[in-house]
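# Structural overview for review
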Amino acid sequence: MGCVIAGGGPAGAMLALLLARSGVEVTLLEKHGDFLRDFRGDTIHPSTLQVLDELGLAREFLELPHRKAYDLSLVTDRGDVRIATLRRLPGRYRYIAFVPQWDFLDLITSAAARYPGFRLLMNAEATDLVREGGAVRGLRYRDASGEHEIRADLTVAADGRHSVLRERAGLVPEDVGAPMDVVWFRLPREPGDRDDTFLRISPGHMMVAINRESYWQLAYLILKGGYDEMAGQGIDALRRPVARLLPWLAGRIGQLESYDDVSVLTVAINRLRRWHRPGFLCIGDAAHAMSPVFGVGINLAVQDAVATANLLAGPLRSGAPIPESALHRLQRRRMLPTRVTQAAQRLVQNRLISPALTHRFDPSGLPRDLTRIPVLNQVAPRFIGQGIRPEHVTVKEP
């Protein structure tokens with residue numbers, strides 16, 4: 001068989017679609033029974049929208065319930081500050097689309113299912129690698145019926161920042177550092193609430209509010225490792241700052257009854273020095289965990305998948321052995337975007353987030369429109385919207 005992929009997130013699902021579309025036999029494993037994880041990224045940036053366009057899926061995607069953000073803003077104690085505008089980006093897509101990730105993944109896997117070489121296994125958890133002759137030749141997985149094995153010419157770990165297969169391959173990520181964690185929860189939306197998704201910042205506090213139409217998905221940032229201390233003070237330790245930051249939500253804050261109503265994201269920025277072994281490759285969060293800063297994690301994962309398919313679909317389709325040099329070539333291509341993006345995320349963390357959370361930065365002094373600063377006006381939209389080295393689909397259907 002051509003390829004087996006562990007992990008049905010954006011990286012794994014997109015790679016499976018691209019390989020199946022190019023005539024490669026591919027099996028995608030997802031350890032859960034569906035894609036319904038409430039606190040996953042929602043942002044689909046112009047670079048990913050362009051990929052969907054190249055695959056003929058843009059129209060289907062835009063038929064999903066979504067919101068478009070043409071401008072990015074933060075809200076200070078003094079009012080709104082416009083950070084960047086995407087309206088002047090080149091190309092057709094000059095906005096970020098906010099779509100629940102489960103809808104995005106359903107779209108991608110449904111498109112992949114149109115090709116005879118695609119197989120999706122749900123409730124199938126990858127547990128180990130199959131090795132033979134010094135190379136990886138597949139994986140082992142567990143489902144409700146027991147233990148199983150799939151053999152493949154290429155095994156791809158797209159099973160996230162806590163990748164089991166990465167560990168089994170002996171690949172250890174290098175920690176780059178993050179000063180914060182994120183407490184996720186939801187509160188209902190009501191008529192009269194603002195429509196946009198935004199960042200709220202005040203000395204000592206930061207949170208992101210994502211408009212999910214019927215409810216707000218809220219991310220309250222805390223200092224790294226600070227959750228246990230906050231939880232030990234009771235649920236009011238979370239309710240109070242949220243009500244102060246967003247007073248129009250104060251009447252609903254009582255619906256946050258206990259810490260059973262929240263999820264905690266332990267933020268990490270890391271990357272592998274080496275993404276591969278013979279017959280084995282890591283992509284997406286398994287290769288490089290990204291900070292939530294800029295919301296680009298999905299898009300980096302998709303770009304990894306596109307680059308992988310472009311380089312490897314031909315050899316996989318022909319049944320030719322995949323030399324490790326080809327896997328290293330893929331790593332070299334995607335390492336530059338990874339390093340530059342993580343460096344930018346660290347800059348924001350160190351210059352904005354950490355000072356704000358420790359009362360060393362007062363955002364009220366920011367100008368009302370940062371897009372008037374020429375460098376930010378030119379660089380920020382391209383970096384956020386298109387990223388470093390955006391990939392395009394070059395592999396064709398047979």
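See the structure above.
Residues numbered from 1 in each chain as written. Predicted model: local features only at pLDDT ≥ 70, side-chain atom pairs only at ≥ 80, totals over all residues. Heavy atoms only, no water.

## Here we look at the packing of helix H1 (residues 10–21) against helix H4 (residues 101–112)
Operational definition: The convention used is that axes are lines fitted to C-alpha atoms, helices contributing only their stretch in contact, and that angles between N-to-C directions extend from 0 to 180 degrees. Only DSSP runs of H or I covering at least 4 residues are called helices, and only runs of E covering at least 2 are called strands; the numbering of each starts at the N terminus. Just so you know how the angles are binned, under 35 degrees is roughly parallel, over 145 roughly antiparallel, 65 to 115 roughly perpendicular, and the rest oblique. Each helix crossing is assigned a hand: it is left-handed if the near helix lies turned anticlockwise from the far helix by less than a right angle, otherwise right-handed if that turn is clockwise. The contact criterion used throughout is that any non-hydrogen atoms of two residues lie within 4.5 Å.
The geometry of H1 relative to H4 is characterised by a closest axis approach of 8 Å and an angle of 20° between their N-to-C directions. Considering the angle they form, H1 stands roughly parallel to H4. When you trace H1 past H4, the crossing you get is left-handed. Together, Pro10, Ala13, Met14, Leu17 and Ala20 of H1 and Gln101, Phe104, Leu105, Ile108, Thr109, Ala111 and Ala112 of H4 make up the contact between the two elements.

## Side note on the sheet that holds strand E3 (residues 43–44)
To keep things clear, this is the line we draw: When DSSP finds at least two bridges between two strands, those strands are taken to pair.
Spatial ordering of the open sheet is given by E3-E7-E4, a layout of three strands whose pairing is antiparallel. Whereas interior strands pair on both sides, the edge strands pair on one side only; in this sheet they are E3 and strand E4 (67–69). Where E4 lies against strand E7 (residues 96–98), three bridges are found, and the strand directions are antiparallel. The residue of E7 that forms the bridge with Arg67 is Phe98.

## Some remarks on the pairing of strand E6 (residues 79–85)
Pairing analysis gives six bridges linking strand E5 (residues 71–76) to E6, with the strands arranged antiparallel. In the strand pairing of E6, Asp71 is matched with Thr85. Hairpin remark: E5 followed by E6, antiparallel, with two residues in the connecting loop.

## Here we look at the packing of aromatic side chains
Put simply, the rule reads: Each Phe, Tyr or Trp ring, with Trp reduced to its six-membered ring, pairs with another whose centre is within 6.5 Å; inter-plane angles below 30 degrees give stacked pairs, above 60 give edge-to-face pairs, and intermediate values give tilted ones. Exposure classes here rest on a 1.4 Å probe applied to the protein chains alone. A residue is buried below 20% of its type maximum, exposed above 50%, and partly exposed in between. Working rule: Lys NZ or Arg CZ, within 6 Å of ring centre, within 35 degrees of ring normal, means a charge sits over the ring.
For the structure on display, the rule yields seven aromatic pairs. With 5.7 Å between their ring centres and 90° between their planes, Tyr227 and Tyr259 make a pair best called edge-to-face. Of this pair, Tyr227 sits in helix H6 (residues 227–232) while Tyr259 sits in the loop between helix H7 (236–245) and strand E18 (263–265), and the two are 32 residues apart along the sequence. In this pair, the class of Tyr227 matches that of Tyr259, namely buried. One aromatic cluster is present, formed by Tyr70, Tyr93 and Tyr95 through successive ring pairs. Directly above the aromatic system of Tyr215 lies the positively charged group of Arg186, at a separation of 3.9 Å from the ring centroid. The ring of Phe198 is capped by Arg194, whose NZ or CZ atom sits 4.3 Å from the centre of that ring.

This is a description of form; function is not addressed.
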